Amino acid sequence: MNPHLTKLQTYPFEKLRQLLAGTTPNRDLREIRLSIGEPQHPTPDFIKGALTKALGGLASYPNTLGIPALRTAIVEWMERRYGLSGIDPDTQVLPINGSREALFALTQTIIDPSRGYVPLVVSPNPFYQIYEGAAYLAGAEPRFLNTLPGNGYAFDYDSLSEDEWRRVQLMFVCSPANPTGKVLNLEDWRKLFTLSDKYGFVIASDECYSEIYFEEGHPPLGGMQAAKQLGRGFDRLIMLSSLSKRSNVPGMRSGFVSGDPAILKAFLLYRTYHGSAMSPAIQAASIAAWKEETHVVANRRQYREKFEAVTPLLAEVLGTGMPDASFYLWARTPMADTEFARALVADYNVYVLPGSFLARDAGGVNPGAGFVRIALVAPLADCLEAAHRIRQFVSHL
């Protein structure tokens, strides 16, 4: 067996299942699950129609590079969304089966363990757990940069030594961040690019929440967009995007990567052997989704309504507030986060995710401890009902 498998921690939702083992939910109240970031808004009919119309394509093997029409649709979306130009659909765009598998596979492509030292992969902390697993299984070690409310969830770059920075080969960035909702600004990107130039590491910019924001016309800044604004190319920069949250199609497993063509050339070679070609029917549905924006605006409106209704209610009893973007509330708890989550299920049948499950001890602290992640993915009525139950729960502590 691969010895690196022993380094993997139990996934957060399995930890939650184990935490709740033996806990009996309050059966007088219907269950409300806000623990997993799975969009629950309906998938638009036009996407489902495009998918079923293309089912005849299942009789042929798909190409790993994807069909030109899909790559062109993605490039056109990037032009509209980020103001980018000159992106080559043949060398700077690859379709992926959701950002999760691509984050893992990209790490296997980039990490070079033959340089005479153990490579490092830098990750925000708390973080999306794939970052850590991908690092270990590539033969690297993760290093965590704590993001804490006291400094606005900014990266603590000084927590790594000069020697550690010299060993970094890859840095994961998530903006908007999971779970804090933090969005990097242009100065944040300038600092990241400066470090990448100095130490030669690749930046993997995970932007799967980029289309869930609250002020129409003011979308979050993207990594490639920041590079353009700073007058630089895309050297050592890869952006990952997804339709899952944008278009409410997590089951389609569809997204793309773009950026440095040299990295993407190697990544395409890896993916050809990895067996990661996207189904022809999914490609057809993805083209339809990337070309249409009205449903995305409507999707954002639903999230905005939920945040506007729920955030004030929870802010009065938990340490929380509006995130920059994404569909999570990162809420400080009045007791241990694991005990809070367990008791909330037992007393009020509401499920949230303990923040400590999303982070690791670093610098003497677990930056997720004492927080819970609340995913406002359920319908508005359910989110409001959950908020009122949480208020009742806290008031009786």
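Look up: the structure comes first, before these words.
The present account deals with the structure reproduced in this document.

What counts, and at which threshold
- Residues numbered from 1 in each chain as written.
- Predicted model: local features only at pLDDT ≥ 70, side-chain atom pairs only at ≥ 80, totals over all residues.
- Heavy atoms only, no water.
- Core = buried A, V, L, I, M, F, W, Y, C linked by side-chain atoms within 4.5 Å.
- Buried < 20%, exposed > 50% of the residue type's maximum accessible area, 1.4 Å probe, protein only.
- Helix = DSSP H or I, 4+ residues; strand = E, 2+ residues; numbered from the N terminus.
- Contact = heavy atoms within 4.5 Å.
- Pairing = 2+ DSSP bridges.
- Patch = residues over 30% accessible without salt bridge, like charges linked within 9 Å, V, L, I, M, F, W, Y side chains within 5 Å.
- Areas by Shrake-Rupley, 256 points an atom, 1.4 Å probe, with all protein chains shown as cover.
- Salt bridge = Lys/Arg side-chain N within 4 Å of Asp/Glu carboxyl O.
- Axes fitted to C-alpha atoms, helices over the stretch in contact; angles between N-to-C directions.
- 1 Å grid on protein atoms, 1.4 Å probe; cavity = no way out; pocket = protein on both sides within 12 Å on 5 of 7 lines; lining within 4 Å.
- Points joined across faces, edges and corners; volume = space filled by probe spheres on them.
- Nonpolar A, V, L, I, M, F, W, Y, C, P; charged D, E, K, R; others polar.
- Phe/Tyr/Trp six-rings, centres within 6.5 Å; stacked < 30°, edge-to-face > 60°.
- Lys NZ or Arg CZ within 6 Å of the ring centre and 35° of its normal.
- Expected span 1.5 Å × (residues − 1).
- Arc of directions from axis to C-beta.
- Polar contact = N/O pair within 3.5 Å; in protein donor to acceptor, adjacent residues only side chain to side chain.

## Some thoughts on the nonpolar core
Part 1: The biggest cluster of nonpolar side chains holds 46 residues, and the ones touching the most others in it are Met78, Trp165, Met171 and Trp189.
Part 2: Considering each element in turn, this core owes the most residues, 7 residues, to helix H3 (residues 68-82).
Part 3: Every residue in contact with Trp189, bar those within four places of it in the chain, is listed here: Val173, Leu184, Ile203, Ser205, Leu221, Gly222, Gly223, Ala226, Leu230 and Leu237.

## Structural notes on the sheet that holds strand S9 (residues 328-332)
Hydrogen bonds between backbone atoms are what pair the strands of a sheet, whose relative direction is either parallel or antiparallel.
Part 1: Strand order across the open sheet formed by 3 strands is S9-S12-S11, with antiparallel pairing between neighbours. Here the strands that pair on one side only, and so sit at the sheet edges, are S9 and strand S11 (353-354).

## Focus on a nonpolar patch on the surface
Part 1: On the surface, a nonpolar cluster with roughly 350 Å² of combined accessible area is contributed by Met1, Leu5 and Leu8.
Part 2: Along the polypeptide, Met1 turns up in the segment before helix H1 (12-20).
Part 3: Of the residues examined, Met1 reaches a relative accessible area of 92% and is grouped as exposed.

## A word on the pattern of salt bridges
Part 1: Enumeration according to the criterion identifies 22 salt bridges in this entry.
Part 2: Between Arg115 and Asp112 there is a salt bridge; the shortest N-O distance is 3.4 Å.
Part 3: On the accessibility criterion, Asp112 (25% relative accessible area) is partly exposed.
Part 4: Across the pair Arg143 and Glu141 runs a salt bridge whose closest N-O atoms are separated by 3.3 Å.
Part 5: Because the salt bridges share partners, they merge into one network encompassing Arg81, Glu211, Glu216 and Arg300.

## Some details on the sheet that holds strand S6 (residues 202-206)
Part 1: With respect to topology, 7 strands assemble into an open sheet ordered S2-S8-S7-S6-S5-S3-S4, the strand pairing being mixed. The open sheet terminates on both sides in strands that have one partner only, identified here as strand S2 (93-96) and strand S4 (141-146). Here the strands of the sheet are splayed against their neighbours by 20 degrees on average, with no regard to which way each runs.
Part 2: Where strand S7 (residues 237-242) and strand S8 (residues 255-259) come together, 5 bridges link them in antiparallel fashion. Paired with Ile238 across the strands is Gly259, a residue of S8.
Part 3: Across the sheet, H3 lies against S2, S7 and S8, angled at about 110 degrees from S2, the strand it touches most.

## Some words on the layout of surface pockets
Part 1: Its boundaries defined by the atoms lining it, the largest pocket holds a volume of some 490 Å³.
Part 2: Lining the largest pocket are 24 residues, and of these Ile36, Gly37, Arg100, Tyr128 and Lys245 lie nearest its centre.
Part 3: At the level of secondary structure, the elements contributing two or more residues to the lining of the largest pocket comprise H1, helix H4 (99-110) and helix H9 (244-247).
Part 4: Of the residues that constitute the lining of the largest pocket, the class distribution is 12 nonpolar, 6 polar and 6 charged.

## Looking at the packing of aromatic side chains
For any two aromatic rings, the description comes down to two numbers: the centre-to-centre distance and the angle of the planes.
Part 1: Enumeration according to the criterion identifies 21 aromatic pairs in this entry.
Part 2: The interplanar angle of 55 degrees and the centroid separation of 6.2 Å between the aromatic rings of Tyr11 and Phe13 together place this pair among those described as tilted.
Part 3: Relative accessible area serves as the criterion here: at 27%, Tyr11 is assigned to the partly exposed category.
Part 4: For the pair Phe155 and Tyr157, a centre-to-centre distance of 5.8 Å together with 55 degrees between the ring planes defines the contact as tilted. The residues Phe155 and Tyr157 share a single accessibility class, namely buried.
Part 5: Through a chain of ring-to-ring contacts, three or more aromatic side chains come together here, namely Phe155, Tyr157, Trp165, Tyr199 and Phe201.
Part 6: Between Arg33 and the ring centre of Tyr351, over which it is positioned, the NZ or CZ distance is 3.9 Å.

## Quick word on the environment of Val75
Part 1: The residue Val75 is located in helix H3 in this model.
Part 2: Separated by 13 residues in sequence, Val75 and Asp88 have C-alpha atoms that sit 7.8 Å apart.
Part 3: Not counting chain neighbours up to four residues away, the residues in contact with Val75 comprise Ile87, Pro89 and Val93.

## Observations regarding helix H12 (residues 294-315)
Part 1: End to end, H12 covers 31 Å across 22 residues, agreeing with the expected 32 Å (1.5 Å per residue, within 8%).
Part 2: Along H12, the positions that sit buried rather than exposed are His295, Val296, Asn299, Arg300, Tyr303, Lys306, Phe307, Val310, Thr311, Leu313 and Leu314.
Part 3: Looking at the buried side of H12, the elements it contacts are helix H2 (45-53), H9, helix H11 (280-291), S9, strand S12 (371-375) and helix H14 (380-395).

## Brief notes about helix H13 (residues 337-348)
Part 1: Between its terminal C-alpha atoms H13 stretches 16 Å, which fits the 16 Å expected from 12 residues at 1.5 Å a residue.
Part 2: Regarding H13, the residues found buried are Asp337, Thr338, Phe340, Ala341, Leu344, Val345 and Tyr348. Each buried residue of H13 lies within a common arc of 170 degrees when the element is viewed along its axis, so the set occupies one face.
Part 3: On its buried face, H13 is in contact with H1, strand S10 (350-351), S11, S12 and H14.
Part 4: Asn349 sits one or two residues past H13 and shows a positive phi near 55 degrees.

## So, the side chain of Gln108
Part 1: Tracing the backbone shows Gln108 in helix H4.
Part 2: One polar contact links the side chain of Gln108 to the main-chain carbonyl oxygen of Phe104, over a distance of 3.0 Å.
Part 3: Those residues in contact with Gln108 that lie beyond four places of it in its chain are Ala134, Leu137, Ala138 and Tyr270.

## A few points about the pairing of S8
Part 1: Most of S8 is tucked away: 5 of the 5 residues are buried.
Part 2: Residues Gly255, Val257 and Gly259 of S8 are buried on one face, and the alternating residues Phe256 and Ser258, pointing to the opposite face, are buried as well.
Part 3: Where S2 lies against S8, 4 bridges are found, and the strand directions are antiparallel. By the bridge assignment, Pro95 is partnered in S8 with Phe256.

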